[in-house]
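Now for the letters of each chain:
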Amino acid sequence: MHETDHEIRMLAEADRWRSRDLAVLWHPCTQMREHPHTLPLVPIARGEGAWLIGQDGRRYLDAVSSWWTNLFGHAEPRIGAAIAAQAGRLEQVILAGFSHPPAVELAERLLAIAPRQQGRAPLAKVFYADNGSAGVEVALKMAFHCFRNRGETRRTRFVALENGYHGETLGALAVGDIPLYRRVYAPLLAEALFAPSPDAYAARDGESEAQAAHRAADTLADLFERHPGEICALILEPRVQCAGGMRMHHPDYLRRARELCDAHGVFLIADEIATGFGRTGTMFACEQAGVAPDLLCLSKGLTGGFLPLAAVLATQDLYDAFLDDSRERAFLHSHSYTGNPLACAAALATLDIFVQDDVIARNRATAARMAELAAPLAQHRHVAQVRQAGMIVAFELARDGRRDAPFDASERIGLRAYRAALDRGVLLRPLGEVLYWMPPYCIDEEQLQRLAAATATAIEEATACA
Ligand code: PMP
């Protein structure tokens, strides 16, 4: 009886939080009309490893790493302790004119692990921002401003990829191509040039993934040819277009893109905000193509998922173009919390864990297990493809598994799958008709099995009327 009383109290407590929330909060990426009826709001009391624990005591397996931020599990004690220790020393200091050890040390360590390319000068300088979109803005502004400082004032255009995503601020949205996020704001956005996505899922009949990548690169080459001296940078998500439905491409595309950028004097901006820190199997996705960008954007996993922070890594050449007696030639961009010491301390602890726990090697075994568990789901009638890049597995749903017969958005397949999984204690957050696994790296065998079982049920229930 006591247990039941306790449960009732917890359910009531969760309800109270739901009401208080809806009275005052406006949630991100949400049609608020859908709360509270269509979508249950899930108040979370605490996190523990791959688990999120609700105010009502229910447990949810965080299969999306809380928007791809969390790396080693929630409330990871080593990161928590590093933040606490730093908070006792210095919580924040202006980074203009002032400096602090965590910011310096983190920059040193990021530069030491950044992707390298033979014959190319390594990334040499780090600029901090405080979230992914802000990091993208920094990279875009740097690329543009660098050419201005060099006197190449005609270089004002950015090239981005179709189906790409780089964040929600206006500059980042301008180089994004997800209609759902972009369409409304289109009148406000600077006009970017879009090149076809090298997406392997969109390969033509009989075409290999590499061939699809080369076809897309050929079109990119044409685009560069048509705009000589006008382009500042190409921005892309290496290996996986994450928000665009975890669409993956062959590394040849990155090699070709790098060569084309070099041939046309265009900067390559690699947005590894989602793919960085081991998500695609290597520390950074660029490594799989052996290319290094001119600007590298990092965020999300950078702090292990504890605090917002972004880092933009740049080459010495690019940096040097800003050195002058004039303030206008300097990069005057700033955010109040730039290089926040607590966030830098969290990032340093995160990099320590990569070494201490040999994370990349351990992930190889986890990724292999994820592949085994995902394979049977490929047999489902409405699964068109199961694809994987390291710790990311995606299930593309389509009618009768036919690539040429996508489900209609109005069928709300993703929403149904989300609900079905949530009922089984698993947080999946499909991207349209794409279900995916992007779990914290600490996910264990039992949790993986639960994830696979919940995904099977979610696919079944979501497509039941199809
Ligand atoms: N770039 C990529 C590739 C992303 O996946 C995201 C976030 N999903 C962003 C940029 C934007 O990061 P933030 O949400 O921190 O602004």
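Residues numbered from 1 in each chain as written. Predicted model: local features only at pLDDT ≥ 70, side-chain atom pairs only at ≥ 80, totals over all residues. Heavy atoms only, no water.

### Examining the overall build of the chain
A tally of helices and strands in the chain yields 14 helices and 16 strands. Computed over the C-alpha atoms, the radius of gyration of the chain is 23 Å, within 12% of the 23 Å expected from 2.2 N^0.38 for a compact globule of 466 residues. Going through the 466 residues of the chain one by one, you find that 53% of them count as buried. In the form shown here, the chain has an accessible surface area of approximately 20800 Å², with 53% of it arising from carbon and sulfur atoms. Positive and negative side-chain charges in the chain, numbering 48 and 58 respectively, have mean positions lying 2 Å apart. (Helix = DSSP H or I, 4+ residues; strand = E, 2+ residues; numbered from the N terminus. Rg over C-alpha atoms; globule rule 2.2 N^0.38 Å. Buried < 20%, exposed > 50% of the residue type's maximum accessible area, 1.4 Å probe, protein only. Areas by Shrake-Rupley, 256 points an atom, 1.4 Å probe, with all protein chains shown as cover. Lys, Arg positive; Asp, Glu negative; His and termini not counted. Charge placed at Lys NZ, Arg CZ, Asp CG, Glu CD.)

### Some details on the side chain of Ser197
Assignment of secondary structure puts Ser197 in the loop between strand E6 (193-195) and helix H8 (209-226). There is a polar contact of 2.8 Å between the side chain of Ser197 and the side chain of Gln241. Not counting residues within four places of it along the chain, the set of residues in contact with Ser197 comprises Glu162, Asn163, Ala216 and Gln241. (Polar contact = N/O pair within 3.5 Å; in protein donor to acceptor, adjacent residues only side chain to side chain. Contact = heavy atoms within 4.5 Å.)

### A short note on the site of the ligand
Surveying the vicinity of the ligand reveals the residues Trp68, Asn131, Gly132, Ser133, Tyr165, His166, Gly167, Glu237, Asp271, Ile273, Ala274 and Lys300. Measuring from an oxygen atom of the ligand, one finds a backbone N or O atom of Gly132 at 2.8 Å. Protein burial of the ligand: of its 390 Å² of free accessible surface, 82% is covered by the chains. (Near = heavy atom within 4 Å.)

### Considering unusual backbone geometry
Leave glycine aside and you will find that most residues have negative phi; peptide bonds, for their part, are mostly trans. The linkage connecting His35 with the following residue, Pro36, adopts the cis geometry, with an omega of 0 degrees. Residue placement: Pro36 occurs in the loop between helix H1 (2-24) and strand E1 (44-48). For Cys29, which is not a glycine, the phi torsion comes out positive at approximately 50 degrees. Structurally, Cys29 is set in the loop between H1 and E1. For Ala75, which is not glycine, the phi dihedral falls at a positive 55 degrees. Secondary-structure assignment places Ala75 in the loop between helix H2 (65-68) and helix H3 (77-87).

### Concerning helix H11 (residues 341-356)
Over its 16 residues, H11 extends 22 Å from the first C-alpha to the last, a length consistent with the 22 Å expected when each residue adds 1.5 Å. Most of H11 sits inside the fold, with 13 of its 16 residues counted as buried. After H11 finishes, the residue Asp358 shows a positive phi value of roughly 45 degrees. (Expected span 1.5 Å × (residues − 1).)

### A short note on the domain arrangement of the chain
Under the domain assignment, the chain is made up of domain 1 (42-72 + 359-462) and domain 2 (83-356). One C-alpha centre belongs to domain 1, the other to domain 2, and the line joining them spans 27 Å. Listed as interface residues are 28 residues of domain 1 and, on the opposing side, 25 residues of domain 2. Summed over both partners, the interface of domain 1 with domain 2 comes to about 2400 Å²; 63% of that surface belongs to carbon and sulfur atoms. When residues of domain 1 are sorted by the area they lose upon contact with domain 2, Trp68, Phe72 and Ile360 head the list and together hold 24% of the total. Taken together, the links from domain 1 to domain 2 amount to one salt bridge. The closest approach of N and O atoms between Arg247 and Glu396, which form a salt bridge, is 3.0 Å. Where domain 1 packs against domain 2, one counts 14 residue pairs in polar contact (both at pLDDT 80 or more). (Domains from an automatic or database assignment. Buried area = accessible area lost by both parts, 1.4 Å probe. Salt bridge = Lys/Arg side-chain N within 4 Å of Asp/Glu carboxyl O.)

### What about the pattern of salt bridges?
Evaluated as defined, the whole model comprises 27 salt bridges. The partner of Asp357 in a salt bridge is Arg78, with the nearest N and O atoms 2.8 Å apart. Taken together, the positions of Asp357 in the loop between H11 and helix H12 (359-374) and Arg78 in helix H3 put the pair 279 residues apart, joining distant regions of the chain. Given a relative accessible area of 34%, Arg78 falls into the partly exposed group. Here Asp218 and Arg256 are joined by a salt bridge, their closest N and O atoms 2.8 Å apart. One end of the pair, Asp218, is in helix H8; the other, Arg256, is in helix H9 (residues 252-263), with 38 residues separating them in the sequence. Where salt bridges share partners, they join Arg120, Arg258, Asp262 and Asp294 into one cluster.

### Considerations on the packing of aromatic side chains
Per the stated rule, a full pass over the model turns up ten aromatic pairs. With a centroid separation of 6.1 Å and an interplanar angle of 80 degrees, the aromatic rings of Trp68 and Tyr436 are classed as edge-to-face. On the criterion of sequence distance, the pair formed by Trp68 in helix H2 and Tyr436 in strand E16 (residues 434-437) is long-range, its members being 368 residues apart. Tyr436 carries the same exposure label as Trp68, and that label is buried. Between Phe277 and Phe284, the ring centres sit 5.4 Å apart and the planes meet at 70 degrees, which makes this aromatic pair edge-to-face. Judged on exposure class, the residue Phe277 and its partner Phe284 are both buried. Here a set of aromatic residues connected by ring pairs shows up, and it is made of Phe72, Phe277, Phe284, Phe354 and Tyr441. The ring of Tyr319 carries the charged tip of Lys125 above its face, separated from the ring centre by 4.6 Å. The lysine or arginine in question, Arg155, covers the ring of Phe147, its NZ or CZ lying 4.8 Å from the ring centre. (Phe/Tyr/Trp six-rings, centres within 6.5 Å; stacked < 30°, edge-to-face > 60°. Lys NZ or Arg CZ within 6 Å of the ring centre and 35° of its normal.)

### Looking at the packing of H3 against H11
With their axes 8 Å apart at the nearest point, H3 and H11 run at an angle of 145 degrees to one another. The handedness of the crossing between H3 and H11 is right-handed. Across the interface between the two elements, Arg78, Ile79, Ala82, Ile83, Gln86 and Ala87 of H3 pack against Pro341, Leu342, Ala345, Ala346, Ala349, Thr350, Ile353 and Gln356 of H11. Looking at the contact of H3 with H11, its residues break down into ten nonpolar, three polar and one charged. (Axes fitted to C-alpha atoms, helices over the stretch in contact; angles between N-to-C directions. Left-handed = near helix turned anticlockwise from the far one by under 90°. Nonpolar A, V, L, I, M, F, W, Y, C, P; charged D, E, K, R; others polar.)

### Describing the packing of H12 against helix H14 (residues 445-462)
For any two helices packed against each other, the geometry is given by the interaxial angle and the distance between the axes. Taken N-terminus to C-terminus, the directions of H12 and H14 make an angle of 30 degrees; their axes are 10 Å apart at the nearest point. Of the possible angle classes, the one that applies to H12 and H14 is roughly parallel. The handedness of the crossing between H12 and H14 comes out as right-handed. The residues of H14 that touch H12, namely those facing Thr366, Arg369, Met370 and Leu373, are Glu445, Leu448, Gln449 and Ala452. Here the residues of the contact of H12 with H14 are counted per class, giving four nonpolar, two polar and two charged. (Parallel < 35°, antiparallel > 145°, perpendicular 65-115°, else oblique.)

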